[in-house]
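The primary structure of each chain is shown beneath.
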Amino acid sequence: MNKIILCEGETDTILLSYYLGKVAGWKFCKKPPVNIAIKADAFEQSVNW
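Residues numbered from 1 in each chain as written. Predicted model: local features only at pLDDT ≥ 70, side-chain atom pairs only at ≥ 80, totals over all residues. Heavy atoms only, no water.

### Describing the overall build of the protein
Alright, step 1. Looking only at helices and strands, the protein features 1 helix and 0 strands.
Alright, step 2. By residue count, 4% of the 49 residues in the protein fall in the buried class.
Alright, step 3. For the protein, the exposed surface amounts to about 5200 Å²; the carbon and sulfur share of it is 57%. (Helix = DSSP H or I, 4+ residues; strand = E, 2+ residues; numbered from the N terminus. Buried < 20%, exposed > 50% of the residue type's maximum accessible area, 1.4 Å probe, protein only. Areas by Shrake-Rupley, 256 points an atom, 1.4 Å probe, with all protein chains shown as cover.)

Next up, the structure:
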């Protein structure tokens, strides 16, 4: 199952990733999923897996 969390700022992203890694066992992935295409170029956005 895929899950998505939208964060407003970079600090929120860092804190949530640390929390989810410690509590729920989530891991950072260097490669995006094959069947999901997200364009992060517009509006200075970033995408993390």
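### A few points about a nonpolar patch on the surface
Alright, step 1. Taken together, Ile5, Leu16 and Trp26 make up a surface patch of nonpolar side chains, about 260 Å² in accessible area.
Alright, step 2. Mapped onto the fold, Trp26 is located in the segment after helix 1 (10–23). (Patch = residues over 30% accessible without salt bridge, like charges linked within 9 Å, V, L, I, M, F, W, Y side chains within 5 Å. Salt bridge = Lys/Arg side-chain N within 4 Å of Asp/Glu carboxyl O.)

### Details of helix 1
Residues spaced three or four apart along an α-helix face the same direction, because each turn holds 3.6 residues.
Alright, step 1. An ideal rise of 1.5 Å per residue puts 20 Å on 14 residues; helix 1 measures up with 20 Å between its terminal C-alpha atoms.
Alright, step 2. With 1 of 14 residues buried, helix 1 is to be regarded as a mostly surface element.
Alright, step 3. Immediately beyond the C-terminal end of helix 1, within one or two residues, lies Gly25, with a positive phi of roughly 75°. (Expected span 1.5 Å × (residues − 1).)

### Things to note about the environment of Val47
Alright, step 1. Looking at the secondary structure, you find Val47 in the segment after helix 1.
Alright, step 2. For Val47, a relative accessible area of 31% translates into the label partly exposed.
Alright, step 3. As for Val47 and Leu6, which are separated by 41 residues in sequence, their C-alpha atoms are 9.6 Å apart.

### Quick notes on the environment of Pro32
Alright, step 1. Its place among the elements puts Pro32 in the segment after helix 1.
Alright, step 2. A relative accessible area of 45% means that Pro32 is categorised as partly exposed.

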